[in-house]
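Examining the three-dimensional arrangement
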Amino acid sequence: MNIAVMSPHAPKNGTTTIAALLSHELSMKNKKVCLTHAKTKSNSLFSFFNINESDDKTANPIEISKLIIEGGIRKNDISAYCKGITENLELFTINSNEIDQGSYSEVLDFICKSFPHDYTIFDIDTEELSSLECRTILNNCDCIVYIFTQNNTELHEFKKEKLKYYRYIRNIPNIVVVNKFNGIIGSMDDVACAMGLKKASKWVKVSYNPYIAWGTNEGKLLTVFELMKKRDYRLVDTDSDIKNLIHSIMSIKKVVRANKINGSYARKEVVSL
């Protein structure tokens, strides 16, 4: 299952963090998960997991892309080109700005269609949904996780441009996540109203938690994962929120699978935005 996590209307609102938390939780279900991204290089993911770029001994990124494009990598060998984060969670990144757009899009197409993982999570860390890379991911993804916060400027910006975003996501099952949520600021329906929507339908919140910010800022996200796994009281709300997000994804997976079997497509059942 290919899952795109994105927030093209507003950068730096926690998209990469949610992608990482989601990837870890899926991997805890004894499923093989790959976390990757839309750009050729992701400074955030390297820093989150405290990966030193200078110590990265993975094969030359140009060589990797050529191997992929020319069919020189077999499915059984793909993990050798990924970075192991936990037992079932891997990170795949070219980590280079030297690859041209066309070649990288071919790499992304290969990831979408040929990676052997149960789930591949794409952090769409760019605002340009019209780019070849983003279109490649969206053409192959089974579900979109769309990230918002309660920031009014961000919500009004989405409201102004929402038809532009709908153009790219209108036929893809999606889940809305309100990140850094705080009930004092307002309700989920308040968020929907500010976006020009009637109400929040089956949306998911991820409550604000300073320990998440600490984990990403200090390169301690693996420590955060361990605390969540132990249901540490400081992260129990975040753990429950991410589990709710997983439940929503499983619901979409079930509906899409049933529709494929029945030869139908009930869009209203799998769209939140």
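Scroll up for the structure.
Attention now goes to the overall build of the protein. Broken down by element type, the protein carries ten helices and eight strands. Against the compact-globule benchmark of 19 Å for 273 residues, the protein has a radius of gyration of 18 Å, which places it among compact chains. Principal-axis analysis of the C-alpha atoms places the extent of the protein at approximately 50 × 45 × 35 Å. Out of the 273 residues in the protein, the part that is buried amounts to 55%. Counting only contacts in the protein whose residues sit at least 6 apart along the sequence, the fraction spanning at least 24 positions is 78%. In the form shown here, the protein has an accessible surface area of approximately 13,300 Å², with 46% of it arising from carbon and sulfur atoms. The average position of the 36 basic charges and that of the 32 acidic charges among the side chains of the protein differ by 7 Å.

For the rest of this paragraph, the subject is the pattern of salt bridges. Counting across every chain of the model gives ten salt bridges. Lys113 is the partner of Asp109 in a salt bridge, and the nearest nitrogen-oxygen pair spans 3.3 Å. Of this pair, Asp109 and Lys113 are both found in helix 4 (residues 101–114), four residues apart, which corresponds to roughly one turn of the helix. Relative accessible area serves as the criterion here: at 27%, Asp109 is assigned to the partly exposed category. Ionic pairing is found between Arg231 and Asp239, a salt bridge with its closest N-O pair at 2.5 Å. For Arg231, a relative accessible area of 41% gives the class partly exposed. What you see here is one network of salt bridges that share partners, running through Glu25, Arg231, Asp239 and Lys243.

Positionally, Ile99 belongs in the loop between strand 4 (89–91) and helix 4. Judged by its relative accessible area of 10%, Ile99 falls in the buried class. Taking C-alpha positions, Ile99 is 20 Å from Lys113, a pair spaced 14 residues apart along the chain.

Take helix 4 next. Count 3.6 residues to each turn of an α-helix, and residues three or four apart come out pointing the same way. The end-to-end C-alpha separation of helix 4 is 20 Å, in line with the 20 Å expected for 14 residues at 1.5 Å each. Of all the residues in helix 4, the buried ones are Ser103, Tyr104, Ser105, Val107, Leu108, Phe110, Ile111, Cys112 and Ser114. N-cap assignment for helix 4: the residue whose side-chain oxygen lies 3.1 Å from the backbone N of Gly102 is Asp100.

In this structure, Phe92, Leu138, Trp203 and Leu273 are the most contacted members of the largest nonpolar core, which totals 48 residues. Those residues in contact with Phe92, other than ones at most four positions away along the chain, are Cys34, Leu35, Thr36, His37, Ile64, Ile68, Tyr81, Cys82, Val107, Ile111 and Phe115. One finds Ile18, Ala20, Val33 and Ile252 within the second-largest nonpolar core, a separate group that totals 39 residues.

In this section: the sheet that holds strand 2 (residues 33–37). With respect to topology, eight strands assemble into an open sheet ordered 3-4-2-5-1-6-7-8, the strand pairing being mixed. Edge positions in the sheet fall to strand 3 (83–84) and strand 8 (204–207), since each of these pairs with one other strand and no more. Across three bridges, strand 2 lies against strand 4 in parallel orientation. Bridged to Val33 within strand 4 is Leu89.

A separate point is helix 8 (residues 210–217). Of all the residues in helix 8, the buried ones are Ile212, Gly215 and Thr216. Seen end-on, helix 8 carries its buried residues on one side only, within an arc spanning 95°. For helix 8, the side-chain oxygen to backbone nitrogen distance between the N-cap and Tyr211 is 2.8 Å, and the N-cap itself is Asn209.

Within the secondary structure, Ala213 is located in helix 8. With relative accessibility at 31%, the residue Ala213 sits in the partly exposed group. Measuring from C-alpha to C-alpha, the distance between Ala213 and Thr17 comes to 9.0 Å, with 196 residues separating the pair along the chain.

Turning to the packing of aromatic side chains, a few remarks are in order. According to the stated counting rule, one finds eight aromatic pairs in the structure shown. Relative to Phe115, the ring of Phe92 lies with its centre 5.3 Å away and its plane at 85°, an arrangement referred to as edge-to-face. Residue Phe92 is located in the loop between strand 4 and helix 4, and its partner Phe115 is located in the loop between helix 4 and strand 5 (119–124); the two are separated by 23 residues in the primary sequence. For the pair Phe92 and Phe115, a shared accessibility class is recorded, and that class is buried.

The rules behind each value
- Residues numbered from 1 in each chain as written.
- Predicted model: local features only at pLDDT ≥ 70, side-chain atom pairs only at ≥ 80, totals over all residues.
- Heavy atoms only, no water.
- Helix = DSSP H or I, 4+ residues; strand = E, 2+ residues; numbered from the N terminus.
- Rg over C-alpha atoms; globule rule 2.2 N^0.38 Å.
- Buried < 20%, exposed > 50% of the residue type's maximum accessible area, 1.4 Å probe, protein only.
- Contact = heavy atoms within 4.5 Å.
- Areas by Shrake-Rupley, 256 points an atom, 1.4 Å probe, with all protein chains shown as cover.
- Lys, Arg positive; Asp, Glu negative; His and termini not counted.
- Charge placed at Lys NZ, Arg CZ, Asp CG, Glu CD.
- Salt bridge = Lys/Arg side-chain N within 4 Å of Asp/Glu carboxyl O.
- Expected span 1.5 Å × (residues − 1).
- Polar contact = N/O pair within 3.5 Å; in protein donor to acceptor, adjacent residues only side chain to side chain.
- Core = buried A, V, L, I, M, F, W, Y, C linked by side-chain atoms within 4.5 Å.
- Pairing = 2+ DSSP bridges.
- Arc of directions from axis to C-beta.
- Phe/Tyr/Trp six-rings, centres within 6.5 Å; stacked < 30°, edge-to-face > 60°.

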